[in-house]
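Structural features, examined
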Amino acid sequence: MMGRAFMLGSAAVVLACTPAVAQRSIDLSLHGLGVFSRRSAAFDGGAGSGSGRLAGGELLARARLWGVSLRWVGGEFEADSGNAAVGSVAEGEIDLALGPRAFGGIFGYGRRSYTGAVGTRRWSLLRVGAATQLPLGTSGFRAEARALRALTLGGEAGGSGTIVETRLAYAPSHLPLSIAVGYRASSFSSEATTGTRPEDVTGPLIAIGVRWP
Amino acid sequence: MRKLMNRVAIATLVLAALLPVASSAQTPMDELLRRAREALNNLEYERADSIARSLVTATGPGTRAYRTTGLQILAAALYPDEQWAQKPDSARKYLTQLVRLSPDVSMPDGVTWPGLDSLLEDARRRTFAVRLDAAGQDTILGVDGSVRVRVVATRPARFRLVAEPIDLAGTVVHLDSASGRVEMELAIPVFREDVRLLESGRYRLRVIADDPVSDLRTEDLMIATVVAPQLRRVSIPVVLDSTQLLPERSAPRRWRNGAIGMGLGFVTVLAGSVVGSSNELSGLGGDGRAYWMAGALATGAVLGALLDSGASLPENAEYNRGLHRGFAESVRDAQEENRRLRDTYRATVRYEEAGK
């Protein structure tokens, strides 16, 4: 359901940006996303960790002073130690970036869910943060970093968190290709009737896709 | 009747000899011609012979025409139709001189008779002579231009035309050559392939004729006064002054970019160690892969920074293109101006007899 919504949102962004892309005033890229994640979670007095590969996609549209991004990832975690981290996680988000690429603010909306021993929990998040994109000269490489605070907007298991992501992106000038490797770390602390449930999801990420122009 | 015709012809001959100096006053040479004519008209062959000899030995400007006419009168006086007055050996000697002076000469109608014509042809056949035929003044137009002078010989020959400086220091200049016919035209250029051949000054123009059959050589001379001003040229720029060019790429900022890469690694370490480390989960340990990724990202970013070749500067590139266009235009203008100067170049050659 969430995936379909984000796909529709992506299509809407693409259509909206098409004239600007044609004029080369907006960079548009579509990536497949993979995060080789490690999930650490505590539940009911026990803590455990698990590994899983989150897969998804992202659509990024960036103009000189603003940008829009849509992202969705999800995947299963298998236990490495204990059972607290076992389950599946899904995240979807739409962010609006304001300001120049070198440094701008991020305001967005996200949905997060996990399915574990307690069943499925979903909640909404308000996302606020900052991001930077710094080209490394004319090499085609670009350093990217963003840090966000995700504030719960309520739901079945409202929990706030922090997300930090770094990337080294490469876009060759002669090919419509875009590749990025990076590291993503998120830390959430969900409130439940049984108490606070902290959860970290960290891991290297890779994004490969196409870009226009 | 025949004698009457002889007289008319000789009068015509004398008149023709006077033509080059017709506009000037009567000279002692004209007086001699007049007296020779009278003697020939009165059948006083010995007197005509004597007067004509003084014409033949005369020197000075315009004497070639007098000498030619004198030799014609002399030959006619020495070999008239009247058998008692014929002196064929002497006539042949002067006809040989006449042919040397003017290889394509013929005896005027009326004066001559078949016997004299045969004697002239015999002298021409036995004599190898060449004449350089030019008079007055010629103008050479353009650097590639030239004037042509006529050369005539008694038989087909190889001709070479050279100029020997008289008042100037310098060596003999080869001007032109041709072969194969009795009569040809040879060129006098001032430049050859943009190399100057003749400076302003007086030259001895020498035509040398070689008979390829008999290996005989003969020549003729004229004096030529050349007025050949210096050819003006506009200097053509060779290369564009590179100091005027602006850099078309900015200098690579490798230190800055390297610092960004290091910063990316640092933030990645922070992400792994700070974000993923709440109290309840501290017992599980952090994600050590963050350090590896931090190292990889920093290394990749630094390598990427080293690949930076600087940003292109389109304004400077356009400015440089304008400079190149301007340079090409200035080269074209200079070449065009030089072409015009070459085409409008003028030199003159004035000829004088050198005697023989």
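Within each chain, residues carry numbers counting from 1 in the order of the written sequence. Here every chain gets a letter starting at A, and every ligand a number starting at 1, in the order they are written. Residues qualify for local features only when their pLDDT is at least 70, as the model is predicted, and side-chain atom pairs are given and counted only at 80 or more; totals for whole chains, interfaces and linings, by contrast, use all residues. The side-chain quantities take in all heavy atoms of the structure and omit both hydrogens and water.

1. Details of the overall build of chain B
Under the convention used in this document: By definition, any uninterrupted DSSP run of H or I lasting at least four residues is a helix, any uninterrupted run of E lasting at least two residues is a strand, and each is numbered from the N terminus. Only protein chains enter the accessibility calculation, which uses a 1.4 Å probe. A residue is then buried if its area is under 20% of the maximum for its type, exposed if over 50%, and partly exposed in between. Here a residue-residue contact requires only that any non-hydrogen atoms of the pair lie within 4.5 Å. Computed with the Shrake-Rupley method and a 1.4 Å probe, the accessible areas treat only the protein chains shown as cover for residues.
Counting its regular elements, chain B contains 9 helices and 11 strands. Sorting the 356 residues of chain B into buried and exposed places 45% on the buried side. Of all intrachain contacts in chain B linking residues separated by at least 6 positions in sequence, the fraction that spans at least 24 positions is 71%. Of the roughly 19000 Å² of accessible surface on chain B, a fraction of 55% belongs to carbon and sulfur atoms.

2. Some details on the overall build of chain A
Scanning chain A from N- to C-terminus turns up 1 helix and 10 strands. Ordered by position in the sequence, the α and β elements of chain A form the string α-β-β-β-β-β-β-β-β-β-β. For chain A, buried positions account for 51% of its 213 residues. Contacts spanning at least 24 positions in sequence make up 57% of the contacts within chain A whose residues lie at least 6 apart. When the accessible surface of chain A is summed, it comes to about 9100 Å², and 64% of that surface belongs to carbon and sulfur atoms.

3. Quick word on the pattern of salt bridges
Residue and element names in this part refer to chain B. So the rule is basically this: Here, a salt bridge means any side-chain nitrogen of Lys or Arg that lies within 4 Å of a carboxyl oxygen of Asp or Glu.
Taken as a whole and judged by the stated rule, the model has 42 salt bridges over all chains. Across the pair Arg47 and Glu44 runs a salt bridge whose closest N-O atoms are separated by 3.0 Å. Exposure remark for Glu44: the relative accessible area of 31% places this residue in the partly exposed category. Close ionic contact of Arg150 with Asp104 constitutes a salt bridge, the shortest N to O distance being 2.6 Å.

4. Concerning the sheet that holds strand 5 (residues 173-179) of chain B
All names here are of chain B. Which entries qualify depends on this criterion: Two strands pair if DSSP finds at least two bridges between them. Geometry is summarised by axes, namely lines fitted to C-alpha atoms with helices restricted to the contacting stretch, and by angles between N-to-C directions that run from 0 to 180 degrees.
Within the open sheet, the 6 strands sit side by side as 2-11-10-9-4-5. Their pairing is antiparallel. Two strands bound the open sheet, and with one partner strand each, they are strand 2 (137-141) and strand 5. For this sheet, the mean inter-axis angle between neighbouring strands, taken without regard to orientation, is 25°. Of the strand pairs in this sheet, strand 2 and strand 11 (residues 346-353) are connected by 5 bridges, and their pairing is antiparallel. From the neighbouring strand, Ile140 faces strand 11, where its bridge partner is Ala347.

5. Comments concerning the environment of Val111 of chain B
Its place among the elements puts Val111 of chain B in the loop between helix 5 (88-101) and helix 6 (114-126). As for Val111 of chain B and Ile73 of chain B, which are separated by 38 residues in sequence, their C-alpha atoms are 8.6 Å apart.

6. Digging into the sheet that holds strand 6 (residues 183-189) of chain B
All names here are of chain B. Within the open sheet, the 3 strands sit side by side as 1-3-6. Their pairing is antiparallel. Each edge of the open sheet carries a strand with a single partner, namely strand 1 (130-133) and strand 6. The mean angle between the axes of side-by-side strands here comes to 30°, regardless of whether they run parallel or antiparallel. Here 7 bridges tie strand 3 (residues 146-153) to strand 6, and the two strands are oriented antiparallel to one another. Residue pairing for strand 6: Val151 is matched across the bridge by Met184.

7. Looking at the interface of chain B and chain A
Many analyses report the size of an interface as the accessible area lost when the parts associate. Counted only if it meets this: Accessible area that two parts lose when put together, evaluated with a 1.4 Å probe and summed over both, is termed the buried area. Here a polar contact is recorded for every N or O atom pair within 3.5 Å, except that within protein the pair must consist of a potential hydrogen donor and a potential acceptor, and residues adjacent in sequence are included only if both atoms are side-chain atoms.
Facing the 31 residues of chain B at the interface are 37 residues of chain A. Roughly 2500 Å² of surface becomes buried between chain B and chain A when both sides are summed, with 71% attributable to carbon and sulfur atoms. Our enumeration of links across chain B and chain A arrives at 0 salt bridges. Where chain B meets chain A, there are 7 residue pairs in polar contact (both at pLDDT 80 or more). Mapped by element, the contributors of at least two residues to the side of chain B that touches chain A are helix 7 (254-275) and helix 8 (289-306) of chain B. In terms of residue count, the dominant contributor to the side of chain B that touches chain A is helix 7 of chain B (9 residues).

8. Here's the deal with the pairing of strand 5 (residues 104-116) of chain A
Residue and element names in this part refer to chain A. Note: strand 4 (residues 87-98) against strand 5, 11 bridges, orientation antiparallel. In the sheet register, Asp95 faces strand 5, and the bridge partner there is Gly108. Between strand 4 and strand 5, which pair antiparallel and follow one another directly, the connecting turn spans 5 residues, one of which, Gly99, has a positive phi of 110°. Judged from the 13 bridges that link them, strand 5 and strand 6 (residues 119-135) form a sheet pairing that is antiparallel. Looking across to strand 6, one finds that Gly108 is bridged to Arg127.

9. Description of the side chain of Thr154 of chain B
Residue and element names in this part refer to chain B. Its location among the elements puts Thr154 in the loop between strand 3 and strand 4 (158-165). For Thr154, the side chain forms a polar contact with the main-chain oxygen of Thr127, separated by 2.8 Å. If we skip the residues at most four places from it in the chain, Thr154 touches Val99, Pro103, Arg124, Thr127, Phe128 and Ala129.

10. Brief notes about the packing of aromatic side chains
As a reminder of what qualifies: Pairing of aromatic rings covers Phe, Tyr and Trp, the last through its six-membered ring, and needs centres within 6.5 Å; plane angles under 30 degrees mean stacked, over 60 mean edge-to-face, and all others mean tilted. Note on criteria: charge over ring means Lys NZ or Arg CZ within 6 Å of the ring centre, with the direction from the centre no more than 35 degrees off the ring normal.
A complete count under the given rule lists 6 aromatic pairs over all chains for this structure. Between Trp123 of chain A and Phe188 of chain A, the ring centres sit 6.3 Å apart and the planes meet at 80°, which makes this aromatic pair edge-to-face. Highlighted residues: Trp123 of chain A in strand 6 and Phe188 of chain A in strand 9 (residues 177-192), separated in sequence by 65 residues. An identical accessibility class is assigned to Trp123 of chain A and Phe188 of chain A; each is buried. On the basis of an interplanar angle of 20° and a centroid distance of 5.2 Å, the ring pair of Tyr79 of chain B and Trp113 of chain B is categorised as stacked. Within this pair, whereas Tyr79 of chain B is found in the loop between helix 4 (63-78) and helix 5, its partner Trp113 of chain B is found in the loop between helix 5 and helix 6, the two being separated by 34 residues in sequence. Residue Trp113 of chain B is classed as buried on the basis of its relative accessible area of 15%. Members of the aromatic cluster, connected to one another through ring pairs, are Tyr114, Trp123 and Phe188 of chain A. For Arg39 of chain A, the ring lying beneath its charged end belongs to Tyr114 of chain A, and the centroid distance is 5.4 Å.

11. Here's the deal with the packing of helix 3 (residues 45-56) of chain B against helix 4 of chain B
All names here are of chain B. Operational definition: Every angle not falling under 35 degrees, over 145, or within 65 to 115 is termed oblique; those three ranges are roughly parallel, roughly antiparallel and roughly perpendicular. It is the rotation of the near helix from the far one that decides the hand of a crossing: anticlockwise by less than a right angle makes it left-handed, clockwise makes it right-handed. All residues other than Ala, Val, Leu, Ile, Met, Phe, Trp, Tyr, Cys, Pro, Asp, Glu, Lys and Arg, Gly among them, are scored as polar; the first ten of these are nonpolar and the last four charged.
Packing of helix 3 against helix 4 brings their axes to within 8 Å, and their N-to-C directions diverge by 155°. In this view, helix 3 runs roughly antiparallel relative to helix 4, as classed from their interaxial angle. For the crossing formed where helix 3 meets helix 4, the hand is left-handed. When helix 3 is examined against helix 4, the residues Tyr45, Ala48, Asp49, Ala52, Arg53, Leu55 and Val56 are found in contact with a partner set consisting of Tyr66, Arg67, Gly70, Leu71, Ile73, Leu74, Ala77 and Leu78. Looking at side-chain class alone, the contact of helix 3 with helix 4 contains 11 nonpolar, 1 polar and 3 charged residues.

12. Section: the confidence of the model for chain B
Put simply, the rule reads: Residue-level confidence of the predictor is summarised by pLDDT, bounded by 0 at the bottom and 100 at the top.
Chain-level statistics for chain B give a pLDDT mean of 84 and a share of 87% at 70 or above. Counting contacts from residues 18-24 of chain B, a segment whose pLDDT is below 50, to residues more than four positions away or on other chains yields 5 contacts.

13. Considerations on the environment of Val86 of chain A
Relative to the helices and strands, Val86 of chain A resides in the loop between strand 3 (66-81) and strand 4. Those residues in contact with Val86 of chain A that sit more than four places away from it in its chain are Arg39, Phe77, Glu78, Ala79, Thr115 and Gly116 of chain A.

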